[in-house]
Amino acid sequence: MSKYRVQNPATGEIIETFDDATDAQIEQAVESADAVYREWRERSVQDRAAVVRRVAEIFLERKDELAHLIAVEMGKSVQESIDEVEFAASIIDYYGVHGPSLITDFEIPSTIPGKAYIEHRPVGTLLGVMPWNFPYYQVARFAAPNLVLGNTILLKHADICARSALTIQEIMEQAGVPVGGYQNVFASHDQIATLIADDRVQGISLTGSERAGAIIGAQAGRNLKKCVLELGGIDPMVVLDSDDVAAVAKQAWDFRVYNVGQVCNSNKRLIVMDDIYDEFVEELKKLATGLVPGDQLDLADGAFPPMSSRTAAETVHAQVQKAVAEGATLEVGGVLSDGSGAYYSPAVLTGVPRDSESYGVEMFGPVATVYRVSSDEEALELANDCALGLGGSVFSTDEARATRVARRLEVGMAHVNTIAAEAAELPFGGVKNSGFGREMGPIGIGEFANKRLFFVSA
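Quick caveat: nothing in here was measured; it's all calculated off a predicted structure. Each chain carries its own residue numbering, running from 1 in the written order of its sequence. Reporting of local features is limited, given that this is a predicted model, to residues whose pLDDT is at least 70; pairs of side-chain atoms are given and counted only at 80 or more, and all residues count toward the totals for whole chains, interfaces and linings. Where side-chain values are given, they derive from all heavy atoms of the structure, hydrogens and water being excluded.

Draft legend 1. Fine view of the domain arrangement of the chain. These domain limits were set by an automatic method or by a database of domain assignments. If you check the domain split of the chain, you get domain 1 (5–231 + 434–457) and domain 2 (236–423). Relative placement of domain 1 and domain 2: their C-alpha centres are 30 Å apart. Residue-level contacts link 28 residues of domain 1 with 24 residues of domain 2. Buried area, as used here, totals the accessible surface that two parts lose on assembly, with accessibility defined by a 1.4 Å probe and the loss added over both. Contact between domain 1 and domain 2 buries roughly 2,100 Å² in total, counting both sides, with carbon and sulfur atoms accounting for 56%. Polar contacts, as counted here, are pairs of nitrogen or oxygen atoms within 3.5 Å of one another; within protein the pair requires one atom able to donate a hydrogen and one able to accept it, and residues that are adjacent in sequence qualify only if both atoms are side-chain atoms. Put simply, domain 1 and domain 2 have eleven residue pairs in polar contact (both at pLDDT 80 or more) between them. Residue contacts are counted whenever heavy atoms from the two residues lie within 4.5 Å of one another.

Draft legend 2. Fine view of the packing of helix α9 (residues 245–256) against helix α10 (residues 274–288). Relative to each other, α9 and α10 sit at 50°, their axes nearing to 9 Å. Between α9 and α10, the angle is such that the two are oblique. For α9 against α10, the interelement crossing comes out right-handed. Across the interface between the two elements, Val-245, Ala-246, Val-248, Ala-249, Lys-250, Ala-252 and Trp-253 of α9 pack against Ile-276, Glu-279, Phe-280, Glu-283, Leu-284, Leu-287 and Ala-288 of α10. Lys, Arg, Asp and Glu make up the charged group, whereas Ala, Val, Leu, Ile, Met, Phe, Trp, Tyr, Cys and Pro make up the nonpolar group; the residues left over, Gly among them, are polar. In the contact of α9 with α10, the residues fall into eleven nonpolar, no polar and three charged. Every axis in this analysis is a line fitted to C-alpha atoms, fitted for helices over the stretch in contact. Angles between the N-to-C directions lie between 0 and 180 degrees. Secondary structure counts use DSSP, requiring at least four H or I residues in a row for a helix and at least two E residues in a row for a strand, with both numbered from the N terminus. Each angle is binned into one of four classes, with values under 35 degrees roughly parallel, values over 145 roughly antiparallel, values of 65 to 115 roughly perpendicular, and all other values oblique. Should the near helix be turned anticlockwise from the far one by less than a right angle, the crossing is termed left-handed; should it be turned clockwise, right-handed.

Draft legend 3. Examining the sheet that holds strand β15 (residues 347–350) more closely. Think of it this way: DSSP has to see at least two bridges between two strands before they count as a pair. Taken together, the seven strands give an open sheet; going across it, the order is β14-β15-β16-β11-β10-β18-β19, and neighbouring strands pair in mixed fashion. Every other strand in the sheet has two partners, leaving β14 (329–332) and β19 (413–416) as the edge strands with one partner each. Averaged over all neighbouring strand pairs, the angle between strand axes comes to 20°, with direction disregarded. Pairing analysis gives five bridges linking strand β11 (residues 269–273) to strand β16 (residues 367–373), with the strands arranged parallel. Within β16, the residue paired with Arg-269 across the bridge is Thr-369. Its contacts with the sheet place helix α12 (residues 376–384) against β10 (236–239), β11 and β16, and it is angled at close to 170° to β11.

Draft legend 4. Inspection of empty space enclosed by the protein at higher detail. Here a cavity means grid points, on a 1 Å grid over the protein atoms only, where a 1.4 Å probe fits yet cannot get out; a pocket means an open set of points with protein on both sides within 12 Å along at least five of seven lines; lining residues are those with an atom within 4 Å of a point. Grid points are joined across faces, edges and corners, and a volume is the space filled by probe spheres set on the points. One pass over the full model with this rule turns up four cavities of 30 Å³ or more. As a volume, the largest cavity reaches approximately 100 Å³. Contributing to the lining of the largest cavity are 13 residues, with Lys-268, Val-361, Met-363, Thr-369 and Tyr-371 lying nearest its centre. A total of three residues in the lining of the largest cavity trace back to one element, the largest contributor, which is β16.

Draft legend 5. Seen up close, the nonpolar core. Definition of nonpolar core: a set of buried residues of the types Ala, Val, Leu, Ile, Met, Phe, Trp, Tyr and Cys, connected through side-chain atoms within 4.5 Å. Using a 1.4 Å probe on the protein chains alone, a residue whose accessible area is under 20% of its type maximum counts as buried, one over 50% counts as exposed, and one in between counts as partly exposed. Phe-59, Ile-92, Tyr-95, Tyr-136, Ile-153, Met-172 and Tyr-182 are the most contacted members of the largest nonpolar core, which totals 55 residues. Every element with two or more residues in this core is listed here: α1 (23–40), α2 (45–61), α3 (63–74), α4 (78–102), α5 (137–149), β6 (152–156) and α6 (162–175). Both domains that meet at this core, namely domain 1 (5–231 + 434–457) and domain 2 (236–423), each give it at least three residues. Apart from residues no more than four positions distant in its own chain, Tyr-95 is found in contact with Pro-100, Leu-102, Ala-144, Pro-145, Val-148, Met-440, Gly-441, Gly-444 and Ile-445.

Draft legend 6. Spotlight on the layout of surface pockets. As a volume, the largest pocket reaches approximately 1,400 Å³. Along the wall of the largest pocket there are 44 residues; nearest its centre are Pro-131, Trp-132, Gly-208, Ser-209 and Ala-212. Counting residues per element, the ones that place at least two in the lining of the largest pocket are β1 (5–7), α7 (189–197), β8 (201–207), α8 (210–222) and α11 (310–325). For the lining of the largest pocket, the two domains that each supply at least three residues are domain 1 (5–231 + 434–457) and domain 2 (236–423). Along the wall of the second largest pocket there are 19 residues; nearest its centre are Glu-80, Val-257, Leu-299, Ala-303 and Pro-305. The set of elements that each furnish at least two residues to the lining of the second largest pocket consists of α9 and β13 (303–304). Per-element tally for the lining of the second largest pocket: the top contributor is α9, with three residues. Of the residues belonging to the lining of the second largest pocket, the class tally is twelve nonpolar, three polar and four charged.

Draft legend 7. Just helix α13 (residues 399–406), in detail. When we look at burial in α13, the residues that qualify are Arg-401, Ala-402, Val-405 and Ala-406. End-on view of α13: buried residues confined to an arc of 130°, all on one side of the axis. Facing away from the buried side of α13, by more than 90 degrees, are the exposed residues Glu-399 and Arg-404. In the core, the buried residues of α13 are packed alongside β11, α12, β18 (391–395) and β19. This arc describes the spread of directions from the helix axis toward the C-beta atoms.

Draft legend 8. Region of interest: the sheet that holds strand β5 (residues 125–129). The strand order β7-β6-β5-β8-β9-β21 describes an open sheet built from six strands, whose pairing is mixed. In this open sheet, the two strands that pair with only one neighbour each are β7 (182–184) and β21 (435–436). Note: β6 against β7, three bridges, orientation parallel. Bridge pairing in β7 links Ile-153 to Tyr-182. Together, β5, β6, β7 and β8 form the strand contacts of α1, whose direction differs from that of β6 by roughly 150°.

Draft legend 9. Region of interest: the packing of aromatic side chains. The criterion for an aromatic pair is that two Phe, Tyr or Trp rings (for Trp, the six-membered ring) have centres within 6.5 Å, with stacked assigned to planes under 30 degrees apart, edge-to-face to planes over 60 apart and tilted to the rest. Applying the stated criterion across every chain yields a total of ten aromatic pairs. Judged by centre distance (5.8 Å) and plane angle (90°), the ring pair of Phe-59 and Tyr-136 falls under edge-to-face. A residue pair is termed long-range when its members are at least 10 positions apart, and Phe-59 in helix α2 and Tyr-136 in the loop between β5 and α5 qualify at 77 residues. The buried category is assigned to Phe-59, whose relative accessible area is 2%. On the numbers, 5.9 Å between centres and 90° between planes, the contact of Tyr-359 with Tyr-371 is edge-to-face. Separated by twelve residues along the polypeptide, Tyr-359 in the loop between β15 and β16 and Tyr-371 in strand β16 bring together distant segments of the chain. With a relative accessible area of 8%, Tyr-371 lands in the buried category. Taken together, the aromatic side chains of Tyr-4, Phe-18 and Phe-186 make up a single cluster linked through ring pairs. Consider the ring centre and the ring normal. A charge sits over the ring if Lys NZ or Arg CZ is within 6 Å of that centre and within 35 degrees of that normal. Seen from the ring of Phe-448, Lys-226 lies directly overhead, with NZ or CZ sitting 5.5 Å from the centre.

Spelled out as C-alpha cells, the structure:
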C-alpha cells in the first residue's frame, strides 16, 4: 500500500490513497522543472510577483475548502485550519508585493575604477521537504519567495498531507505558475536522495526533525548543495514576575496547546520564578481539567481535536510516561484514548529532573512542562541548557529586566512579553540543533539567491 494517504486521525479511517512516484516520474519532474526554470527566470520579476499575488488571492477564495482538507488530513480544528490558510496567504502576498523590492540590484562602493553592483539572481530548481503540522504555511514560506526570485519548486510533502499537497500545485497552476514550475512529488526516501544528487536541483529546504535534518544535511553536503534546515525546538518561556499570574498562565497554555502542541516554536519549557510558581501551575491545571475529545470538523467548547496520527499520540504518551518514571509529576491530563483515534488529553508536567533523558527531549504534543527557578541567572542558565535553539521568550512587568535576560537567550528568535511574534515580514529560524537559515521576512528571499557581483569597469 502507498504510504501517501488521507487518514482521518479522529477515527483512523483511510479515506484516500495515492500512488507513489515512479523513478520515471521523478526524472520527468526534474526535467520539467529545469526546463521551466530557464523560461521562468527570464520573465520580469514584476510578472512573477503578479502570479504569486494571484496564488494568495486563490488561497483566500478557496479558504473553506482548503481548511477542510487539512482538518481531515491531520486533525487541526476547522478554525485553526482557516487561521493557517489566511496566514499562508499573507506570506504569499507579502512576497508578491514586497519581493521585487527585496531583491533589487544595488551599487556598493568600489576602490577599483568602475561600478560594482550586487544582484539577486535565481539558482535553479529547489527541493522542499515539508512536514504535516502546518501543511500550507510551511510550503508558503518556502515556495513564495523562491518563485518571485525565479527559481522553480519540487515539493515533497508529508505522507498524510497528500490531497492538500496536490491542491497547492493545482492553485499554483491556476494562478499562472507555468506547468512544471511548481510540482508535488510523492517521492520515497531513496528518490529524495536521488533528487538531491541531481545536478539540476540546486538547493534543498527541509522542515522536520533533527534526525531528518541530519540526513538531508549530510546528503546536501555530499553533493555540495545549499540547504536550509528548520528543525525542532524546546523553546523556553521564562516568567520572571507578573501582576496577573492567571493571565500569563492562560497565554502560556493557549500557545502550548495550539495545534494540539504540534508546533516547532511552541513554549515547551515554562520556566517560572519561585514566588509565583505554585499559582502558575494551579492555573494551568484548571485550564487542563475537564477537557474532552472532540470532532475537529465541529469542535465544541471544552473539547480538544486529535493529534496528527495515532502514532504521534502514542509517541507523546510514551514520552510523558518515561518522564514520570524518571521522577516527573503528571499533574493533570496525559490520557491516551482507546481505539484507533489520535486523542491525547492536554497535560501539565512538573519536576522533570535535569539529569534525566526526558529533560532534553522535544515533546511534540500538548504537554506543558513547568520548571521552578529562584533567580534570573538560574532561569537563563536553564533556558540555555538545551541542544536546540529555535525561539524563546521572557515575561516581566519590568521590560528592562526581561530584555536583559532575553538578549542572552541562545535562540534564533527572542521575545519580550510575547511568546512568539509571527508575521509574514518577520524572519523565522533557529541556531544550534534547531538548524540554520531563515524563512520569511526580508532575509528569507535571499537563502536561495545567487548574490552575484556585477562589475562594470570605468
